[in-house]
Structure formats: C-alpha cells, structure tokens
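In case you want the letters, here they are:
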Amino acid sequence: MKGEHHCLLATVESDAHMWNLVYLQLWLSEHGLQVKNLGSCTPVQAILQVLAQGQTQLLVISSVNGHGHYQGLALIREVRQHYPHLPCVIGGKLTTSHTQTQAVCQELLAAGFNQVFIEADAIEAFETYLSTLDNVGPTVALGAGTPACRA
Ligand code: B12
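Model, not experiment: these values are computed from the prediction. (Residues numbered from 1 in each chain as written. Predicted model: local features only at pLDDT ≥ 70, side-chain atom pairs only at ≥ 80, totals over all residues. Heavy atoms only, no water.)

Caption draft 1: Quick peek at the nonpolar core. Core analysis: the largest hydrophobic core is formed by 26 residues, its most contacted members being Ile47, Leu59, Ile61, Val79 and Val116. Setting aside its immediate chain neighbours within four residues, Leu59 contacts Leu8, Ile47, Leu75, Val79, Leu86, Pro87, Cys88 and Val89. In terms of nonpolar packing, the next biggest core, distinct from the first, is built from 17 residues, Trp27, Leu33, Phe126 and Leu133 among them. (Core = buried A, V, L, I, M, F, W, Y, C linked by side-chain atoms within 4.5 Å. Buried < 20%, exposed > 50% of the residue type's maximum accessible area, 1.4 Å probe, protein only. Contact = heavy atoms within 4.5 Å.)

Caption draft 2: Quick look at the packing of helix H3 (residues 68-82) against helix H4 (residues 101-111). Where H3 contacts H4, the axes come no closer than 9 Å and their chain directions differ by 15°. One element, H3, and the other, H4, form an angle in the roughly parallel class. Seen along the crossing, H3 lies across H4 with a hand that is right-handed. The residues of H4 that touch H3, namely those facing Gly68, His69, Gly72, Leu73, Ile76, Arg77 and Arg80, are Val104, Glu107, Leu108 and Ala111. Tallied by class, the residues present in the contact of H3 with H4 amount to five nonpolar, three polar and three charged. (Axes fitted to C-alpha atoms, helices over the stretch in contact; angles between N-to-C directions. Helix = DSSP H or I, 4+ residues; strand = E, 2+ residues; numbered from the N terminus. Parallel < 35°, antiparallel > 145°, perpendicular 65-115°, else oblique. Left-handed = near helix turned anticlockwise from the far one by under 90°. Nonpolar A, V, L, I, M, F, W, Y, C, P; charged D, E, K, R; others polar.)

Caption draft 3: Representation of the pairing of strand S2 (residues 33-37). Pairing of strand S1 (residues 5-10) with S2, which is carried by five bridges, proceeds in the parallel orientation. If you follow His6 over to S2, its bridge partner there is Gln34. (Pairing = 2+ DSSP bridges.)

Caption draft 4: Layout of the confidence of the model for the chain. Counting all residues, the mean pLDDT for the chain is 90, and 87% of those residues have values of 70 or more. Considering only residues more than four positions removed or in separate chains, one finds that residues 135-144, a stretch of pLDDT under 50, has 20 contacts. (pLDDT = per-residue confidence, 0-100.)

Caption draft 5: How the structure looks around the packing of helix H2 (residues 44-51) against H3. Packing of H2 against H3 brings their axes to within 10 Å, and their N-to-C directions diverge by 25°. Between H2 and H3, the crossing angle belongs to the class labelled roughly parallel. Note on packing geometry: the crossing formed by H2 with H3 is right-handed. Of H3, the residues touching H2 (which contributes Val44, Ile47, Leu48 and Leu51) are Leu75, Glu78, Val79 and His82.

Caption draft 6: Geometry of the packing of aromatic side chains. Summed over all chains, the structure comprises three aromatic pairs. Relative to Phe126, the ring of Trp27 lies with its centre 5.4 Å away and its plane at 20°, an arrangement referred to as stacked. Taken together, the residues Trp27 in helix H1 (residues 19-30) and Phe126 in helix H5 (residues 122-132) connect sequence positions 99 residues apart. Aromatic side chains Phe117 and Phe126 sit 5.2 Å apart centroid to centroid with 45° between the ring planes, which places their arrangement in the tilted category. One exposure class covers both Phe117 and Phe126, and it is buried. (Phe/Tyr/Trp six-rings, centres within 6.5 Å; stacked < 30°, edge-to-face > 60°.)

Caption draft 7: The arrangement of the site of the ligand in detail. Around the ligand, a shell composed of 24 residues is seen, among which Ser14, His17, Met18, Ser62 and Lys93 lie nearest. Thr95 places a polar main-chain atom, nitrogen or oxygen, 3.4 Å from an oxygen atom of the ligand. Contributions of two or more residues to the shell around the ligand are made by H1, strand S3 (58-63), strand S4 (88-92) and H5. The greatest single-element share of the shell around the ligand, amounting to four residues, is contributed by H1. A class-by-class count of the residues in the shell around the ligand yields 12 nonpolar, 10 polar and two charged. (Near = heavy atom within 4 Å. Polar contact = N/O pair within 3.5 Å; in protein donor to acceptor, adjacent residues only side chain to side chain.)

Laid out in structure tokens, this is it:
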C-alpha cells in the first residue's frame, strides 16, 4: 500500500502494552502509510474522534493482553455503526485461550473486522492484505477486502 494513505493505529481500552504499537507504527511507516498512533489503553471515543476527521483509510487495532477479543468486539461494533465500509483489522494476542482461536477469529469477523491476524505469520499475512489495498481511491472507495481469519 503506497502513497498518502492514512492509517489509524490503536489498541483496546484495557491494554497497557506499547511495544506492539511502536513496532507496528514503524512497520506501517516503512510500508508507505502515514500512521497516527493513539498509544496504549485507547478509549473507543478517541478512535471515533480521529475517524470523524475523515482522513483514516485503514484502522489497525493491536492488542496483546488477552482482552482484545471482547474489547475488540465492542470497539468494532461501535465503529461499524458510523463507518460500515472502512477497512478495519485487528491482531496480536487477542485471547488467553489456545484452543478457541478459530472461534475468536470468526466472532471478530462476524462483528465487522475485515481481517484478524493472530498467528505466528501475522505480519506476513498483514503484508499480503496491505497489497490488496494498493492502487485504490479515496477513503470511501477503498475496498475492504474479503473477510478472512489468520488463525
Ligand atoms: C513487556 C510486557 C509487559 C509490560 C508492558 C510494558 C509496556 N509499556 O509495553 C508490562 C509489565 C506493563 C505488562 C503488563 C501486563 N501483561 Co504483559 N507482557 C509483556 C511481554 C513480556 C512483552 C510484550 C512486548 O513488548 N513484546 C514486543 C512486541 C514488539 O511484540 P508483541 O507485543 O508480541 O507484538 C507482535 C505480535 O503480537 C504482532 N502483533 C501485535 N499486534 C498486532 C496487530 C496486527 C494487525 C498484526 C498484523 C500483528 C500484531 O506483531 C508484533 C510484532 O511481531 C509479553 C510476553 C511476550 N514475550 O510477548 C507479556 C504479555 C503480553 N503480557 C501478558 C499479561 C497477561 C500481562 C498482564 C495482564 C499481567 C498482569 N497480570 O498484570 C499485564 C496487562 C497490563 C494491561 N493493562 O494491559 C501476557 C498476555 C497473555 C495473552 N494475551 O495470552 C503476555 C503474553 C505474557 C504471557 N505469556 O502470559 N506486560
């Protein structure tokens, strides 16, 4: 994904981890995106405030504390009420369960995320997804891609 694409990077309200966000900010910048990183413990309202400015073309949620599943669901339901077509992805360590990753993925996709990245190949899979957003027009015209789960 090249050019002046604006990416909003955030986490869920309970998540105090920040190196995941720093990593992703640098990684996304290296891939040509303009990144706004809202930092750890992001309130949903802060995300909505930035989205209301109308520049965001990709919302990336990263969470590793194990609450990304439930708080990610609440977050995307809120976002989808206002932005049904915005490409939104989530990834990291979204649950403490090692046996329910598929179910978690499916639930997050059903709630409105376009992609869920939670396996060891998360970054590679995300890179592939970004390439599907290449050469597209302004925010409202961005294709959101086929919903998919990397678990
Ligand atoms: C450092 C750390 C902390 C620090 C955070 C300091 C800070 N300011 O960031 C402190 C001590 C505060 C902390 C606290 C807690 N932590 Co902690 N912490 C870690 C630790 C050791 C390293 C995290 C880190 O910085 N990694 C470096 C970054 C670059 O890697 P990463 O986070 O894994 O992100 C990568 C991938 O996950 C992926 N990724 C992440 N997000 C996304 C999003 C997308 C879209 C994509 C494609 C990929 C992707 O890409 C990143 C780069 O490869 C991990 C264990 C570990 N080794 O991972 C535990 C860990 C994340 N913590 C854990 C827990 C449980 C907690 C606490 C709940 C502990 C407690 N009981 O208090 C609290 C939670 C606090 C809170 N409110 O969130 C668990 C989470 C369990 C889970 N999810 O199953 C872990 C995994 C430890 C464990 N094995 O149990 N923690």
